[in-house]
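# Observations on the three-dimensional arrangement
Now for the letters of each chain:
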Amino acid sequence: MIVGLVLIFFGALGVAILPDLFLRLHASTKCGVTGTATFLIGLVLRAGSPGAAARLLLILLFIFLTAPLVPHVVGVAYLKERESGENPS
Amino acid sequence: MNGILSALFALMALSLYRLFVGPSLYDRLVALHLVSAEIVLLLCVHAVQAGRAFYLDVAMIYALLSFVETIAFARLRPPPRGGAVP
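Conventions and cut-offs
Residues numbered from 1 in each chain as written. Chains lettered and ligands numbered in written order. Predicted model: local features only at pLDDT ≥ 70, side-chain atom pairs only at ≥ 80, totals over all residues. Helix = DSSP H or I, 4+ residues; strand = E, 2+ residues; numbered from the N terminus. Buried ≥ 20, exposed ≤ 12 C-beta atoms within 10 Å, placed from the backbone. Contact = placed C-beta atoms within 7 Å. pLDDT = per-residue confidence, 0-100. Core = buried A, V, L, I, M, F, W, Y, C linked by C-beta atoms within 7 Å. Expected span 1.5 Å × (residues − 1). Arc of directions from axis to C-beta. Axes fitted to C-alpha atoms, helices over the stretch in contact; angles between N-to-C directions. Parallel < 35°, antiparallel > 145°, perpendicular 65-115°, else oblique. Nonpolar A, V, L, I, M, F, W, Y, C, P; charged D, E, K, R; others polar.

### A short note on the overall build of chain B
From N to C terminus, chain B includes three helices and zero strands. In chain B, the order of α-helices and β-strands from amino to carboxyl end is α-α-α. Here chain B holds 86 residues, and 38% of them are scored as buried. Taking as baseline every contact in chain B between residues at least 6 positions apart, the subset at least 24 positions apart corresponds to 39%.

### Some remarks on the confidence of the model for chain A
Summarising the model, chain A shows a mean pLDDT of 77, and 89% of its residues fall at 70 or more. Across chain A, element-level confidence peaks in helix α3 (residues 50–66) of chain A with a mean pLDDT of 86 and bottoms out in helix α1 (residues 2–17) of chain A with 70.

### Side note on the nonpolar core
Membership of the largest hydrophobic core comes to 47 residues, with the highest contact counts inside it found for Leu56, Ile59 and Val74 of chain A together with Cys44 and Ala59 of chain B. Of all the secondary-structure elements, those providing two or more residues to this core are α1, α2 (21–46), α3 and α4 (69–83) of chain A together with α1 (2–21), α2 (25–50) and α3 (54–75) of chain B. Tallying contributions element by element places α2 of chain B first for this core, with 15 residues.

### Description of α3 of chain B
Across its 22 residues, α3 of chain B extends 32 Å between first and last C-alpha, which sits within 8% of the 32 Å expected from 1.5 Å per residue. Looking only at α3 of chain B, the buried set comprises Tyr55, Leu56, Ala59, Ala63, Ser66, Thr70, Phe73 and Ala74 of chain B. When α3 of chain B is viewed along its axis, its buried side chains cluster within an angular range of 115 degrees and face the same direction. In α3 of chain B, those exposed residues whose orientation departs by more than 90 degrees from the buried face are Phe54, Ile61, Leu65, Val68, Ala72 and Arg75 of chain B. Next to the buried residues of α3 of chain B lie α3 and α4 of chain A together with α2 of chain B.

### Here's the deal with the packing of α2 of chain A against α2 of chain B
A pair of packed helices is characterised by two quantities: the angle between their axes and the separation of those axes. Here α2 of chain A crosses α2 of chain B at 10 degrees, and the two axes come no closer than 10 Å. On the basis of the axis angle, α2 of chain A is roughly parallel to α2 of chain B. Taking contact as the criterion, the partners of Leu21, Arg24, Leu25, Ser28, Gly32, Thr36, Phe39, Leu40, Leu43 and Arg46 of chain A in α2 of chain A are, on α2 of chain B, Tyr26, Asp27, Val30, His33, Leu34, Ala37, Leu41, Cys44, Val45 and Val48 of chain B. Looking at the contact of α2 of chain A with α2 of chain B, its residues break down into 13 nonpolar, four polar and three charged.

### Some thoughts on the packing of α2 of chain A against α4 of chain A
Residue and element names in this part refer to chain A. In the contact formed by α2 and α4, the axes pass within 10 Å of each other and the chain directions differ by 170 degrees. It follows that α2 is roughly antiparallel to α4 by the angle criterion. Here Leu21, Phe22, Leu25, Ser28 and Thr29 of α2 lie close against α4, whose contacting residues are Pro71, Val74, Gly75 and Tyr78. Residues belonging to the contact of α2 with α4 are distributed by class as follows: six nonpolar, three polar and no charged.

### Comments concerning the interface of chain B and chain A
Facing 39 residues of chain B, the contacting portion of chain A comprises 41 residues. For the side of chain B that touches chain A, the secondary structure elements donating two or more residues are α1, α2 and α3 of chain B. Of all the elements, α2 of chain B adds the most residues to the side of chain B that touches chain A, at 15 residues.

### Some points on the environment of Leu11 of chain B
With respect to the helices and strands, Leu11 of chain B occurs in helix α1. For Leu11 of chain B, a count of 26 C-beta atoms within 10 Å corresponds to the buried category. Put simply, Leu11 of chain B and Leu34 of chain B are 23 residues apart on the chain and 9.6 Å apart in space, counted from C-alpha to C-alpha. If we ignore the near neighbours within four places in the chain, the residues touching Leu11 of chain B are Ile8, Phe9 and Ala12 of chain A together with Glu38 of chain B.

### Examining the environment of Ile63 of chain A
Structurally, Ile63 of chain A can be placed in helix α3. By the C-beta count within 10 Å, which is 23 here, Ile63 of chain A ends up buried. The spacing of Ile63 of chain A and Leu21 of chain A is 42 residues in sequence and 22 Å in space, taken between C-alpha atoms. The contacts of Ile63 of chain A, once residues within four sequence positions are left out, are Thr36 of chain A together with Ala63 of chain B.

Have a look at this one:
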């Protein structure tokens with residue numbers, strides 16, 4: 001859990017201080033996904049009942065499936081808007 | 001456990017800074033996704049700490065909704081000023 005917390009800390013720090021959108025996407029994706037996964041694995045080890053552990057594993061699986069998709073879609077939308085000649089507001 | 005909770009709150013403040021300051025809509029989307037991931041983790045920690053499993057269901061639905069929300073914002077973005085809907 002502590003390792004996951006440190007990873008999410010770097011992700012949040014990167015999102016807060018990096019200058020460009022793509023750098024922020026990079027920080028958010030990598031640190032967010034790996035940090036969340038490590039954190040949830042630690043929680044699974046500490047979960048009291050098997051039902052809670054199964055739900056935590058389900059959340060972990062869902063986050064693994066969807067979290068890398070979001071920055072991809074955001075990046076594609078940003079690129080489309082930049083290519084269409086408009087200054088992205 | 002309490003230290004972990006407060007550390008998660010501090011990280012959420014760090015991400016909320018970008019959510020408020022962020023110059024473009026997409027910066028805010030990235031920060032919003034990170035904040036919702038931290039909220040999911042917060043709910044999971046509280047569920048394990050208090051021994052109440054239904055917070056895990058809440059966390060699951062929140063993860064689902066945050067995914068749908070961010071995708072919808074990125075796909076159905078507002079049209080540029082004075083232009084047609086793309």
